[in-house]
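Listed below, chain by chain, are the residues.
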Amino acid sequence: MAIDYGDARTGIAVSDPAGILTGTAETIHERNAGRVVDRICRLAEEMKVGELVVGYPKNMNATLGPRAAKSEELAELLREKSGLKVILWDERRTTTDAHRILTETGRRGQKRKDRVDAVAASLILEGYLRSKHLAGEED
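What you are looking at is a predicted structure, and each value in this text was computed from that prediction instead of being measured.

Colleague: Any chance you could explain the overall build of the protein chain here in plain terms?
Modeller: Looking only at helices and strands, the protein chain features four helices and five strands. By the compact-globule yardstick of 14 Å for 139 residues, the protein chain fits well, its C-alpha radius of gyration being 14 Å. Considered along the principal axes of its C-alpha atoms, the protein chain spans approximately 35 × 35 × 35 Å. For the protein chain, the residues scored as buried account for 40% of the 139 residues in total. Across the protein chain, every contact between residues at least 6 apart in sequence was considered, and the portion connecting residues at least 24 apart equals 61%. Counting only carbon and sulfur atoms, one obtains 50% of the accessible surface of the protein chain, whose full area is about 7700 Å². Taking the average location of the 23 positive side-chain charges in the protein chain and that of its 23 negative ones, the two points are 6 Å from each other.

Okay, here's the thing in structure tokens:
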């Protein structure tokens, strides 16, 4: 499961059981970090998720800013609450790419705003899965 954590919306994407394709994607509309963590943990349990991949927003020059610290805090809360392995994954350009994808598919206005975080989470998950398979790791 990949997570694109934001102040008001958090995108979630889950792969197929084989860890090859990104399947389910949704957006959690919540500002309270504790409730976001609770919802992610419930989803992870329902979907029998094996690990969590949290988007780690690095600056283009690879430095870390305040958003990265928020992702680190979320990752720690998820480790404690879920007991799952939690990976911080470089998410540079995923939101930009998500906006481009939604524009190309004709999503505008509120529909785009409601989907961009889920699409960004899917891109985070695709990058992670690709890297994992290239490294020859098994699930």
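Colleague: Quick question: what am I supposed to make of the sheet that holds strand 4 (residues 51-56) here?
Modeller: Backbone hydrogen bonds hold the strands of a sheet together, and the pairing may be parallel or antiparallel. Sheet architecture is open: five strands sit in the order 3-2-1-4-5, paired in mixed fashion. Both edges of this open sheet fall to strand 3 (22-29) and strand 5 (85-90), since each of them pairs with a single strand only. Taking the axes of each pair of neighbouring strands and ignoring which way they run, one obtains an average angle of 25° across the sheet. Bridge analysis of strand 1 (residues 2-4) against strand 4 gives two bridges, and the strand direction is parallel. Bridging across to strand 4, Ile3 finds its partner in Val54. The strands touched by helix 2 (residues 66-82) are strand 1, strand 4 and strand 5; relative to strand 4, the strand with the most contacts, the crossing angle is about 170°.

Colleague: Quick question: what am I supposed to make of the environment of Val37 here?
Modeller: Along the polypeptide, Val37 turns up in helix 1 (residues 33-46). C-alpha separation for the pair Val37 and Lys58, spaced 21 residues apart in sequence, amounts to 22 Å.

Colleague: Sorry, what's going on with the nonpolar core here?
Modeller: Within soluble globular proteins, side chains that are nonpolar tend to cluster in buried spots. In this structure, Met1, Ile3, Ile12, Ile40, Leu52, Leu74 and Leu78 are the most contacted members of the largest nonpolar core, which totals 19 residues. When contributions to this core are tallied by element, the ones reaching two or more residues are strand 2 (9-15), helix 1, strand 4 and helix 2. When residues of this core are assigned to their parent elements, the largest contribution, six residues, is made by helix 1. Once residues within four sequence positions are removed from consideration, Leu52 is found in contact with Met1, Ile3, Ile40, Ala44, Leu78, Ser82, Leu84, Lys85, Val86 and Ile87.

Colleague: What is the right way to look at helix 3 (residues 94-104) in this model?
Modeller: At 3.6 residues per turn, the α-helix brings residues three or four places apart onto the same side. Inspection of helix 3 places Thr94, Ala98 and Leu102 among the buried residues, and these make up the whole buried set. The arc enclosing the buried residues of helix 3, seen along the axis, measures out at 70°, which places them on a common side. Within two residues after helix 3, Gly106 carries a phi angle of roughly 85°, on the positive side.

Colleague: Looking at this structure, how should I read the layout of surface pockets?
Modeller: Over the atoms, a rolling probe the size of a water molecule traces out where space has been left empty. In this structure, the largest pocket spans a volume of roughly 330 Å³. Taken together, 17 residues line the largest pocket, and the ones lying closest to its centre are Ser15, Asp16, Pro17, Val49 and Gly50. Elements supplying a minimum of two residues to the lining of the largest pocket: strand 2, strand 4 and helix 4 (109-134). The dominant element in the lining of the largest pocket, judged by the number of residues it contributes, is helix 4, at four residues. When the residues that make up the lining of the largest pocket are grouped by side-chain class, the tally is nine nonpolar, three polar and five charged.

Criteria and thresholds
- Residues numbered from 1 in each chain as written.
- Predicted model: local features only at pLDDT ≥ 70, side-chain atom pairs only at ≥ 80, totals over all residues.
- Heavy atoms only, no water.
- Helix = DSSP H or I, 4+ residues; strand = E, 2+ residues; numbered from the N terminus.
- Rg over C-alpha atoms; globule rule 2.2 N^0.38 Å.
- Buried < 20%, exposed > 50% of the residue type's maximum accessible area, 1.4 Å probe, protein only.
- Contact = heavy atoms within 4.5 Å.
- Areas by Shrake-Rupley, 256 points an atom, 1.4 Å probe, with all protein chains shown as cover.
- Lys, Arg positive; Asp, Glu negative; His and termini not counted.
- Charge placed at Lys NZ, Arg CZ, Asp CG, Glu CD.
- Pairing = 2+ DSSP bridges.
- Axes fitted to C-alpha atoms, helices over the stretch in contact; angles between N-to-C directions.
- Core = buried A, V, L, I, M, F, W, Y, C linked by side-chain atoms within 4.5 Å.
- Arc of directions from axis to C-beta.
- 1 Å grid on protein atoms, 1.4 Å probe; cavity = no way out; pocket = protein on both sides within 12 Å on 5 of 7 lines; lining within 4 Å.
- Points joined across faces, edges and corners; volume = space filled by probe spheres on them.
- Nonpolar A, V, L, I, M, F, W, Y, C, P; charged D, E, K, R; others polar.

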